[in-house]
Amino acid sequence: MSQALDEIKIGGLGASRRRVEDNRFIRGKGNYTDDVVLPGMLHMEILRSPLAHARIKSIDASKAWDIPGVHLVLTGEMMATRNLAWMPTLSYDTQAVLATDKVRFQGQEVACVIADDPYIAKDACDAIDVEYEPLPPIVNPMQAVAEGAPIIRDDKENQADNIIYNWEVGDAEGTDRAFAQADVISKLHLHYPRSHPSPIECCGSIADFNRSTSKLTVYMTTQAPHIIRAAVALVAELPEHMIRIISPDIGGGFGNKVPVYPGYVCSILASILLERPVKWIEDKSGNLISTGFARDVYLDGELALRSDGKILAMRMHTEADHGAFFADAQPSKFKIGLMHSTFACYDIPVAHLTARGTYTNKAPGGVAYRCSFRVTEAMFFQERMVHAAANDLGMDQAEFRRINFVRDDDFPHRTPLGFLTDSGQYGECLDVGLQAVGYEDFLRQKEEAKANGRLLGIGISTMTEPLGAGNSREYDILGIKMFDSAELRVHMTGKALLRTGARGQGQGHETTWAQIVAHELGIPAEDVTVEEGDTDTAPFGMGTYASRSTPVAGAAIAMVCRKIRAKSRKLAAHLLEVSEEDIDWELGRFYVRSAPDRGVTIQECAMAAYSNMPDGMEPGLENNAYYDPPNLTWPFACYIVTVEVDPQTGVWDVLNMVAVDDCGVRINPMIVEGQIMGGLTEAYAMANMQFITFDAEGNCVGSNYMDYLLPTSWETPGFELHAEVMTPCPHHPIGAKGIGECAAVGGPAAFVNAVMDAIKDTGVRNIDMPLLPDRVWEAITQRHDVSGAPPVHTDD
Ligand code: CDP
């Protein structure tokens, strides 16, 4: 009789195990960067530019130097003497560390003061006298490419305009031919506004250079510690093995903590110069104004349609506003991230995408805010275009999607823009969603409400998105291939230590990674300690963003467990005195096939690895695995929202929201639900309230929490989650697909589509996010589209 362990009881796959990290978080015992205090530590503050575009005529820091308690004032000029005034970005551009010639966005770093405490440092920043000569600011891509526009990056040789790249993918001629055959052409123009990840903990670093050992230790809020180590080694020309990056607990990342920021570089240089630890902790306004923004992309989209509802072709042009430096952390091959994953769930014969990136006088953008490198924009554009197209054909929204979905038996499926999707049950997910929301009933209620002057609307958003970059053939950042790693040590008593190259920021890795070990080896999850984030101990990895941890690091964990199991099998054969071929595995135990009662547990094998190994076997039970995924994983989601819009005020309320997510095998269903709820909350915030933009002078409007609203539980609507559909990933060792970002990616279009549906009779095609009451009210009363693009300065 089987003596296999009960997988759920030992906290394996499918167990809704409570998050182990919460033991310290809810007791206030988390260890964040700002909690780190080192002996002799100094504090750094940054002086930021008040202007968006200006030439620096002079910087006089003499008064700052005179303030007691000030140890160092860094300016661009001083950085230049060490060749550190500029640094390379993750997208092969350069970025000013401290400005020398010009400031190029409001909030740009101009000087740093290092002092005994942060207050002295701040006062000393205020004492620095900077003389600026204002230049005309550029706040959107259209202005950037207009004739006579001032050149923002005049520091770059051969940069004769503000264009960073022109990029295209797909079949332009085939798309033109298909458009010529169309019965209807549906067009949409819109702007996905700039948005800010806004983690509760801002960015920061504590650099500690020890002259006696020549070792540099940096505690910092990074999602990708090994990439930072490589960047420091290359930029500061320090030996990589003498650099230790420690990423302690992170209070939210959302992509904001992937880039390399000037503050990191300055604190490191200051520590080297002063030979004392130097702490820099960014304040909220600094974070909102100057760290990596997301989105800010314009769409001109067209669908060629047959009158029966079939999409014949898709054409899309996007204009991406990258701010003053092209600093996106994204695979180098894809200039506009994975924008070309758009329309992957629809069976479209041909498509063409063009993209242009421009410099503007804003902080560098392009952060993948809870998103795989522009997938959020891709899916938003897709679902807004699909919504408009169904309306243009006079078709039902659900039916139009169903007609065009890739069918379940049509996998693997090559998308017209080049991806290979491998699995999914799109129609089934849609059916579950429609059933849950009571679709037909709602359509009836909507008509009845209309007769009483009430505006009800329903919005659908369905999408599959690529999660888990690499593979290493196509995906690299600055030439470093995208794979990931895991290292497992099983101690002699059967307890284990697991380390990965990922770095969680609240996603529950310490909980779920142990569950994969429990599933693969039968070691109870509670017997496995998980560590991430210290480059001196963790194996090399590309870090955690773009929901790549489960698809890549999670797979590496399964693979290293399998190596451990293979060695344990040899130990079991030795202990049971049979040949390896004669034994079988069940969860937690090897047994003799012909005598199943004779067996040894994984813990007994572990003990034998240190005390009773066969002759010739290397002692110990530990190993590592580097995993290069064969493909991305492709989760699918269907989000449906119902709303009521008040025609008098433009205020809209969510009546119901249903989410059906198919992310393959769920390691921990409770954590997956938490990820979805968090993502939907952010989606709601983007659609409804998060307003951060720029005025014509390039001032960042919304750089505080009075304007840039974060939803609390009071504002956030309830969400109904469904997990009925589960399509395992065919190439992932445990069948899992990523989930972390799905709801934030697919959610916004569902909210916007619902409001647009409610006001459909006005003929308005688009209101740009956030759908603030005044914008909705303007659309209803003026009957025109409402743009959220930053205004351009005019002389009148
Ligand atoms: O890269 P990131 O951790 O942000 O995203 P993810 O890989 O989608 O994982 C987010 C969290 O959900 C992790 O704790 C995963 O282990 C968990 N998860 C899961 O339990 N089952 C899945 N199929 C996918 C993720």
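Just above, that's the structure.
Cut-offs applied
Residues numbered from 1 in each chain as written. Predicted model: local features only at pLDDT ≥ 70, side-chain atom pairs only at ≥ 80, totals over all residues. Heavy atoms only, no water. Helix = DSSP H or I, 4+ residues; strand = E, 2+ residues; numbered from the N terminus. Rg over C-alpha atoms; globule rule 2.2 N^0.38 Å. Buried < 20%, exposed > 50% of the residue type's maximum accessible area, 1.4 Å probe, protein only. Contact = heavy atoms within 4.5 Å. Lys, Arg positive; Asp, Glu negative; His and termini not counted. Charge placed at Lys NZ, Arg CZ, Asp CG, Glu CD. Pairing = 2+ DSSP bridges. Axes fitted to C-alpha atoms, helices over the stretch in contact; angles between N-to-C directions. Near = heavy atom within 4 Å. Polar contact = N/O pair within 3.5 Å; in protein donor to acceptor, adjacent residues only side chain to side chain. Areas by Shrake-Rupley, 256 points an atom, 1.4 Å probe, with all protein chains shown as cover. Nonpolar A, V, L, I, M, F, W, Y, C, P; charged D, E, K, R; others polar. Left-handed = near helix turned anticlockwise from the far one by under 90°. 1 Å grid on protein atoms, 1.4 Å probe; cavity = no way out; pocket = protein on both sides within 12 Å on 5 of 7 lines; lining within 4 Å. Points joined across faces, edges and corners; volume = space filled by probe spheres on them. Phe/Tyr/Trp six-rings, centres within 6.5 Å; stacked < 30°, edge-to-face > 60°. Disulfide = S-S within 2.5 Å. Salt bridge = Lys/Arg side-chain N within 4 Å of Asp/Glu carboxyl O.

Q: Which residues make up the overall build of the protein, and what values go with them?
A: Helix and strand content of the protein: 19 helices and 34 strands. Radius of gyration (C-alpha) of the protein: 28 Å, near the 28 Å computed for a compact globule of 796 residues. Counting across all 796 residues of the protein, residues that qualify as buried make up 62%. Contacts in the protein between residues far apart in sequence, at least 24 positions, make up 78% of those at least 6 positions apart. On the protein, the mean spot of the 69 positive side-chain charges and the mean spot of the 108 negative ones are 3 Å from each other.

Q: Lay out the environment of Lys215 in plain terms, naming residues and giving numbers.
A: Relative to the assigned elements, Lys215 resides in strand E12 (residues 215-220). Sequence separation of Lys215 and Ile152 is 63 residues, and the distance between their C-alpha atoms is 38 Å.

Q: Mind laying out the sheet that holds strand E31 (residues 652-662), listing which residues take part and the relevant values?
A: One open sheet holds the four strands; their spatial order is E20-E30-E31-E34, and the pairing between them is mixed. One side of each edge strand has no neighbouring strand; the edge strands of this open sheet are strand E20 (455-464) and strand E34 (720-722). Taking each pair of neighbouring strands and ignoring which way they run, the sheet shows an average axis angle of 15 degrees. As defined by bridge partners, strand E30 (residues 636-645) adjoins E31 across ten bridges and the pair is classed as antiparallel.

Q: Which residues make up the environment of Asn688, and what are the values?
A: Relative to the helices and strands, Asn688 resides in helix H17 (residues 669-688). Of the residues examined, Asn688 reaches a relative accessible area of 13% and is grouped as buried. Each C-alpha atom, one on Asn688 and one on Val36, is 37 Å from the other, the two residues being 652 residues apart in sequence. Those residues in contact with Asn688 that sit more than four places away from it in its chain are Trp652, Pro770, Leu771 and Leu772.

Q: Break down the site of the ligand for me, citing the residues and quoting the values.
A: Taken together, 24 residues sit near the ligand, with Gln507, His509, Thr512, Ser549 and Thr550 positioned nearest. In the environment of the ligand, a nitrogen atom lies 2.7 Å from a nitrogen or oxygen atom belonging to the backbone of Val665. Within the backbone of Lys737, a nitrogen or oxygen atom sits 3.1 Å from a nitrogen atom of the ligand. A total of 520 Å² of accessible area belongs to the ligand in isolation, and the protein chains cover 98% of it. Among the elements of the structure, helix H14 (509-521), helix H15 (549-576) and H17 are those that each provide at least two residues to the shell around the ligand. Of the residues belonging to the shell around the ligand, the class tally is nine nonpolar, twelve polar and three charged.

Q: So what about the side chain of Thr342? Which residues, and what values?
A: Summarising the element assignment, Thr342 is placed in the loop between strand E16 (311-321) and strand E17 (350-358). Looking at Thr342, the relative accessible area reads 2%, which means it is buried. Separated by 3.0 Å, the side chain of Thr342 and the backbone oxygen of Ala378 make a polar contact. Not counting the four nearest positions on each side in its chain, Thr342 is found in contact with Met314, Met316, Ala378, Met379, Gln382 and Leu417.

Q: Which residues make up the packing of H14 against H15, and what values go with them?
A: Axis separation between H14 and H15 bottoms out at 9 Å; the angle between their running directions is 35 degrees. Read as a crossing pair, H14 and H15 show a hand that is right-handed. Contacts between H14 and H15 involve His509, Trp513, Ile516, Val517, Glu520 and Leu521 from the former and Ser549, Thr550, Gly554, Ile557, Ala558, Cys561, Arg562, Ile564 and Arg565 from the latter. Across the contact of H14 with H15, the residue classes break down as eight nonpolar, four polar and three charged.

Q: Go over empty space enclosed by the protein with me, naming the residues and quoting the values.
A: According to the stated counting rule, one finds six cavities of 30 Å³ or more in the structure shown. By volume, the largest cavity is sized at about 220 Å³. For the lining of the largest cavity, the class distribution of residues is 18 nonpolar, eight polar and two charged. Quantified by volume, the second largest cavity comes out at close to 110 Å³.

Q: Can you tell me about the packing of aromatic side chains, naming the residues and giving the values?
A: According to the stated counting rule, one finds 25 aromatic pairs in the structure shown. Relative to Tyr426, the ring of Phe405 has its centre 5.7 Å away and its plane inclined at 70 degrees; by these criteria the two rings are edge-to-face. One end of the pair, Phe405, is in the loop between helix H11 (397-404) and strand E18 (413-414); the other, Tyr426, is in helix H12 (residues 426-437), with 21 residues separating them in the sequence. A relative accessible area of 6% places Phe405 in the buried class.

Q: An account of the state of the cysteines is requested, with residue identities and associated values reported.
A: The full count for this structure, using the stated rule, is zero disulfides. Cysteine Cys125 is unpaired, with the sulfur of Cys112 as its nearest cysteine sulfur at 7.2 Å. Cys125 gets classed as buried once you look at its relative accessible area, which sits at 4%. No disulfide involves Cys202; its sulfur sits 7.1 Å from the nearest other cysteine sulfur, which is in Cys203. Since its relative accessible area comes to 10%, Cys202 is described here as buried.

Q: Run through the side chain of Gln515, naming residues and quoting values.
A: Relative to the helices and strands, Gln515 resides in helix H14. Sequence-distant contacts of Gln515, that is, excluding residues within four places in its chain, are made with Gly11, Gly12, Leu13, Ala15, Arg17, Ala525, Ile667 and Asn668.

Q: Tell me about the pattern of salt bridges, residues and numbers included.
A: Per the counting criterion, the structure on display carries 56 salt bridges. Here Asp154 ties to Arg104 by a salt bridge, and the two come within 3.0 Å at their closest N and O atoms. Here Arg104 lies in the loop between strand E6 (102-103) and strand E7 (109-115) and Asp154 lies in the loop between helix H5 (141-145) and strand E9 (163-170), a separation of 50 residues in the sequence. Accessibility expressed as a relative area gives 37% for Asp154, which makes it partly exposed. Residue Asp484 pairs with Arg548 through a salt bridge whose shortest N-O separation is 2.5 Å. Separated by 64 residues along the polypeptide, Asp484 in strand E23 (residues 484-490) and Arg548 in the loop between strand E25 (528-531) and H15 bring together distant segments of the chain. Asp484 gets classed as buried once you look at its relative accessible area, which sits at 1%. We classify Arg548 as buried; its relative accessible area is 0%. What you see here is one network of salt bridges that share partners, running through Arg55, Asp93, Asp101, Lys102, Arg104, Arg153, Asp154, Asp155 and Lys156.

Q: With reference to specific residues and values, describe the layout of surface pockets.
A: Volume-wise, the second largest pocket comes out at about 450 Å³. Together, 23 residues line the second largest pocket, and Arg82, Asn83, Leu84, Val235 and Ala236 are the ones closest to its centre. Among the elements of the structure, strand E4 (86-88), helix H7 (225-235) and helix H8 (262-274) are those that each provide at least two residues to the lining of the second largest pocket.

Q: Explain the sheet that holds strand E24 (residues 496-500) to me, and be specific about the residues and the numbers.
A: Each strand in a sheet pairs with its neighbour through backbone hydrogen bonds, running either in the same direction (parallel) or in the opposite one (antiparallel). Read across the sheet, four strands follow the order E25-E24-E23-E29 without closing on themselves; strand pairing throughout is mixed. Both edges of this open sheet fall to E25 and strand E29 (622-627), since each of them pairs with a single strand only. Between one strand axis and the next, the sheet turns through 15 degrees on average, direction left out of account. The pairing of E24 with E25 spans four bridges and is classified as parallel. Bridge pairing in E25 links Leu498 to Val530.

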